[in-house]
Amino acid sequence: MSLVHTFFNSQIMLASLPALLRGLINTLLLGFMSIGAGSVVGLLVSLVRLYAPKALRVLAIIYIDLFRAMPMLVVLILIYYALPFLGVRFSSWTSAVLAFSMVMSAYSAEVFRAGIEGVPAGQFEAAAALGLPFAKTLRLVVLPQAIKAIVPPMTGNCVSMIKDTSLASTVALPELLNEATNAQALNANPSPLIMAALVYVALLWPMVRLVSILERRTQSRRV
Amino acid sequence: MPQTASPPIIQIENLNKWFGKLHVLRNISLDVAQGERIVICGPSGSGKSTLIRCLNKLENHQQGRITVDGVRLDDTTRNVDQVRREVGMVFQHFNLFPHLTILQNLTLAPIWVRKLPRKQAEEEAMAYLERVKIAEQTHKYPAQLSGGQQQRVAIARSLCMNPKIMLFDEPTSSLDPEMIKEVLDVMVGLAQGGMTMLVVTHEMGFARQVADRVVFMDAGEITETAEPGDFFARPQTQRAKQFLSQILGH
């Protein structure tokens, strides 16, 4: 049995293609939902972390540290397998989106915080001196300037998030890896897994390149 | 000339401020009449910038009272916002919004705080830009302007809010020498128009030309107050004499 026949079996690859594409759609759906929810919550958490009264700031710090310290897989498994013992039962979709969003929000919060803190204090002062309320200052003056520092690390976080959607295969969510694993079992041949790996690379390589370019551009501008 | 009949537009009573343990403003009391032009000078670390920054709550004070145009400057957002609408500030480092054009820099606050329609805000902005002689730069970004141009834009930006009082925190200290005059000319024009101004500066020529009073600060206290002529010719305190000899010496 040749290597090609085992790992690059075109017949099996073609046969499992529809299932893998279905899985890819779910991967992208799961990824974008988690990125969307995670970013929005992350922004709110970063604002609480920066500007809320002390007690809330402490809670925000605990939230951020907790979800950065726990592996995403552990969060997912706790929600899907442990919560039912408390009577709270979520579907695999809900569990996955919940787990991924919370972890994404913790990492995003730190990115937003760093970006906002990078905006010079004079910008806040000039806006305040003009009588601009703080919320408007953030929206019109600070966040537009913070964006430049936020985009490179956030793009990296998004790439990680889409890769980590593969963890949802452990809770039977039919995303790309799950479909590939099933096809592999069905055909007793690892070609579908190889194809799934290639799909991930094809999907994310451009974004990975983009992250490198953006990071280099930030460095050179700093010089 | 300042209107002495009406109550002072700024009243500072026994102002005390600490940065942690450091006593940076010691029992400051000062009344500013409407239309008065005051130059605040003194050695670095004397608290001059801190004092004017207390007037629009960019700095908090722990003791004493500040009243601006009849509004008590306390911790309530309403009062702070009200005062900030009446008081304009020009910073040493300009603090223009780099992501906005010159015109957008000027219209931001009038649109979002004074709630003006865009067209009206732009018309008023253009008028102020003409006044500071920078109308041809409206669609450029701050980074494309020189320091002197940026500072004139910053002055116009504050004026768009129609403040009653203008605070200047070392407005020319970051400028190359050849650009100082263009900014001072704008400030002289403003003073001659009757604006109440408090200017922290080392530019003694400006003080001589325009100030009604010179306030000399040292180590957090107002040690001497006098009309410019008297202050420069006959400084009363040793510290003021020392300061003037250093400033005017070169």
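Predicted model only: the values in this text are computed from it and were never measured. (Residues numbered from 1 in each chain as written. Chains lettered and ligands numbered in written order. Predicted model: local features only at pLDDT ≥ 70, side-chain atom pairs only at ≥ 80, totals over all residues. Heavy atoms only, no water.)

### Quick look at the packing of aromatic side chains
- This structure, assessed with the given rule, holds 7 aromatic pairs over all chains.
- Taking 6.0 Å as the distance between ring centres and 35° as the angle between the ring planes, the aromatic pair formed by F216 of chain B and F231 of chain B counts as tilted. In this pair, F216 of chain B sits in strand β9 (residues 213-218) while F231 of chain B sits in helix α8 (residues 228-233), placing the two residues 15 residues apart along the sequence.
- Judged by relative accessible area, F216 of chain B falls into the buried class, the value being 0%.
- Three or more aromatic residues joined by ring pairs make a cluster, and in this case those are F216, F231, F232 and F243 of chain B.
- The positively charged end of R139 of chain A is found above the aromatic ring belonging to W112 of chain B, 4.9 Å away from the centroid.
- Over the aromatic face of F232 of chain B sits the side chain of R208 of chain B, whose NZ or CZ is 4.5 Å from the ring centroid. (Phe/Tyr/Trp six-rings, centres within 6.5 Å; stacked < 30°, edge-to-face > 60°. Helix = DSSP H or I, 4+ residues; strand = E, 2+ residues; numbered from the N terminus. Buried < 20%, exposed > 50% of the residue type's maximum accessible area, 1.4 Å probe, protein only. Lys NZ or Arg CZ within 6 Å of the ring centre and 35° of its normal.)

### Considering the pairing of strand β3 (residues 37-41) of chain B
Residue and element names in this part refer to chain B.
- In terms of burial, β3 is largely enclosed, as 5 of its 5 residues are buried.
- Alignment of β3 against strand β8 (residues 196-200), held across 4 bridges, turns out to be parallel. Looking across to β8, one finds that I38 is bridged to L198. (Pairing = 2+ DSSP bridges.)

### Side note on the layout of surface pockets
- In this structure, the largest pocket encloses a volume near 490 Å³.
- Along the walls of the largest pocket sit 18 residues, with A128 and F134 of chain A together with K57, L58 and R84 of chain B positioned nearest its centre.
- Looking at the lining of the largest pocket, the elements that each hand over two or more residues are α6 (121-129) and α7 (134-164) of chain A together with α2 (77-86) of chain B.
- Tallied by class, residues from the lining of the largest pocket come to 8 nonpolar, 3 polar and 7 charged. (1 Å grid on protein atoms, 1.4 Å probe; cavity = no way out; pocket = protein on both sides within 12 Å on 5 of 7 lines; lining within 4 Å. Points joined across faces, edges and corners; volume = space filled by probe spheres on them. Nonpolar A, V, L, I, M, F, W, Y, C, P; charged D, E, K, R; others polar.)

### A few points about empty space enclosed by the protein
- Inspection of every chain in the model, using the stated rule, returns 1 cavity of 30 Å³ or more.
- Here the largest cavity defines a volume of roughly 80 Å³.
- The set of elements that each furnish at least two residues to the lining of the largest cavity consists of α6 of chain A together with β6 (87-90) and α5 (147-159) of chain B.
- Among the residues making up the lining of the largest cavity, the classes are represented as 9 nonpolar, 2 polar and 2 charged.

### Examining the interface of chain B and chain A
- If you look at the interface, chain B gives 19 residues, while chain A gives 17 residues.
- Between E125 of chain A and R53 of chain B there is a salt bridge whose closest N-O contact spans 2.7 Å.
- Put simply, chain B and chain A have 4 residue pairs in polar contact (both at pLDDT 80 or more) between them.
- Going through the elements one at a time, β6, α3 (102-112) and α5 of chain B are the ones with two or more residues in the side of chain B that touches chain A.
- At 3 residues, α3 of chain B tops the list of elements feeding residues into the side of chain B that touches chain A.
- Classifying every residue of the side of chain B that touches chain A by side-chain character gives 12 nonpolar, 4 polar and 3 charged. (Contact = heavy atoms within 4.5 Å. Salt bridge = Lys/Arg side-chain N within 4 Å of Asp/Glu carboxyl O. Polar contact = N/O pair within 3.5 Å; in protein donor to acceptor, adjacent residues only side chain to side chain.)

### Brief notes about the pattern of salt bridges
- According to the stated counting rule, one finds 18 salt bridges over all chains in the structure shown.
- The partner of E182 of chain B in a salt bridge is R152 of chain B, with the nearest N and O atoms 2.8 Å apart. Here E182 of chain B, found in helix α6 (residues 177-192), pairs with R152 of chain B, found in helix α5; they are 30 residues apart in sequence, far enough to count as distant.
- Residue E182 of chain B is classed as partly exposed on the basis of its relative accessible area of 25%.
- Look at R152 of chain B and you get buried, because its relative accessible area is 11%.
- In this structure, R239 of chain B and D218 of chain B form a salt bridge, with 3.3 Å as the shortest nitrogen-oxygen distance. Of this pair, R239 of chain B sits in helix α9 (residues 238-249) while D218 of chain B sits in strand β9, and the two are 21 residues apart along the sequence.
- Here the salt bridges do not stand alone but share partners, grouping R68, E110, R113 and E117 of chain A into one network.

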